[in-house]
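# Commentary on secondary and tertiary structure
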Amino acid sequence: MKADEAAELMDQEKTRDTFKQRAAIIIAIFAMILAITSLGGSNAGKEAVNNNILASNFWSFFQAKNMRQTSFALAADELELRLAQNDPALSPELQAELKKKAEAYRKTVARYESEPETREGKKELIQRAREYEAKRDHALKQDPYFDYAEALLQIAIVLISVAIVADIVWLSFVGGALGIAGALLSLNGFHLFVELPFLG
């Protein structure tokens, strides 16, 4: 073997080692992004479930409040109807008591409609339920981006690993492109810069 051939072989080995080192670093970076993406996807899923439960709870509370409000309104109507009949059997004291009771029922009906100080009136419950629905919907929009990002990052890691083992440089570029696409989808999953219709 001549000296120039030996030098050429050494240069090729150095180039291969540089390629393998760079590919290994890219794999490590993609693995780190994959871990963060997986965490983001898991959190988005939990957030969607939790906010759905909270929204459902507030809608149930609203329905219970609505049923109670209707019961009080019917009771007030009944008392007012009885008073309007001018029944001579009702003493003035009993009439005053029935009127007082009907007024208390009407106040309760009004309080059940809106109670800003406790945020437990029907109007406030609707608003709170819709807030949690909006949070749930936001998390549900995020989730597919994390799913696709995870898949692309995993494929990228596999392709770059194969490129190292098989010494196929072009395969590492394909893996790198998929990894970059996965990283961008992950970033979009966290911030929803763009909503892609085929992912929603």
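Residues numbered from 1 in each chain as written. Predicted model: local features only at pLDDT ≥ 70, side-chain atom pairs only at ≥ 80, totals over all residues. Heavy atoms only, no water.

### Some words on the overall build of the chain
Under the convention used in this document: Here a helix means four or more residues in a row that DSSP labels H or I, a strand means two or more in a row labelled E, and each is numbered from the N terminus. Based on C-alpha atoms, the radius of gyration is set beside the globule rule, defined as 2.2 Å times the residue count to the power 0.38. Throughout, exposure labels follow a simple rule: accessible area from a 1.4 Å probe, protein chains only, divided by the maximum for the residue type, with under 20% read as buried, over 50% as exposed, and the rest as partly exposed. What makes two residues a contact is simply this: any of their non-hydrogen atoms within 4.5 Å. The charge count treats Lys and Arg as positive and Asp and Glu as negative. His and the chain ends do not count. The location of each charge is read from NZ of Lys, CZ of Arg, CG of Asp or CD of Glu.
From N to C terminus, the chain includes four helices and zero strands. Walking the chain from its N terminus toward its C terminus, one meets helices and strands in the order α-α-α-α. In terms of overall size, the chain is more extended than a compact globule, its C-alpha atoms giving a radius of gyration of 34 Å where 200 residues would be expected to give roughly 16 Å. For the chain, the spread of C-alpha atoms along the principal axes amounts to about 130 × 25 × 20 Å. Split into buried and exposed, the 200 residues of the chain put 32% on the buried side. Put simply, 73% of the contacts in the chain that link residues at least 6 apart link residues at least 24 apart. Each charge sign in the chain was given a centre, from 23 positive and 27 negative side chains, and these centres are 7 Å apart.

### A short note on helix 2 (residues 92-113)
Quick reminder of the rule: In this scheme, a helix's expected span is set at 1.5 Å multiplied by one less than its residue total. Throughout, the arc means the angular range of directions from the helix axis out to the C-beta atoms.
Between the first and last C-alpha of helix 2 there are 32 Å, a value that for 22 residues agrees with the 32 Å anticipated at 1.5 Å per step. Among the residues of helix 2, those classed as buried are Leu98, Ala102, Tyr105, Thr108, Val109 and Tyr112. End-on, the buried residues of helix 2 take up no more than an arc of 120°, which puts them together on one face. Of the residues in helix 2, the exposed ones pointing more than 90 degrees away from the buried face are Pro92, Glu93, Lys100 and Lys107.

### Comments concerning the nonpolar core
The cut-off we apply is this: Definition of nonpolar core: a set of buried residues of the types Ala, Val, Leu, Ile, Met, Phe, Trp, Tyr and Cys, connected through side-chain atoms within 4.5 Å.
Of all hydrophobic cores here, the largest spans 11 residues; its members are Phe72, Ala73, Ala76, Leu79, Leu83, Leu90, Leu98, Ala102, Tyr105, Val109 and Tyr112. Looking at this core, the elements that each hand over two or more residues are helix 1 (3-84) and helix 2. With residues up to four places along the chain from it excluded, the contact list for valine 109 reads Gln69, Phe72 and Ala73.

### Some details on the environment of leucine 125
Looking at the secondary structure, you find leucine 125 in helix 3 (residues 122-166). Considered as a pair, leucine 125 and leucine 94 are 31 residues apart in the sequence and their alpha carbons are 37 Å apart. Not counting residues up to four positions away in its chain, the partners in contact with leucine 125 are Phe58, Phe61, Phe62, Lys65, Arg119 and Glu120.

### As for the side chain of glutamate 115
Its place among the elements puts glutamate 115 in the loop between helix 2 and helix 3. Glutamate 115 has contacts with Lys65, Glu120, Gly121 and Glu124, leaving out every residue within four places of it along the chain.

### Some details on the packing of aromatic side chains
Stated precisely, the cut-off is as follows: Paired rings are identified among Phe, Tyr and Trp, the last through its six-membered ring, by centres lying within 6.5 Å, and are further divided according to the angle between planes into stacked (under 30 degrees), edge-to-face (over 60) and tilted (the rest). Over a ring means this: the NZ of a Lys or the CZ of an Arg is within 6 Å of the ring centre and within 35 degrees of the ring normal.
Inspection of every chain in the model, using the stated rule, returns five aromatic pairs. With a centroid separation of 5.8 Å and 85° between ring planes, the pair formed by tryptophan 59 and phenylalanine 62 is classed as edge-to-face. Taken together, the positions of tryptophan 59 and phenylalanine 62, both in helix 1 and three residues apart, correspond to about one turn of that helix. Under the relative-accessibility criterion, tryptophan 59 is labelled partly exposed at 24%. Here the aromatic cluster, defined as three or more aromatic residues joined through ring pairs, consists of Phe72, Tyr105 and Tyr112. Directly above the aromatic system of tyrosine 112 lies the positively charged group of lysine 65, at a separation of 4.3 Å from the ring centroid.

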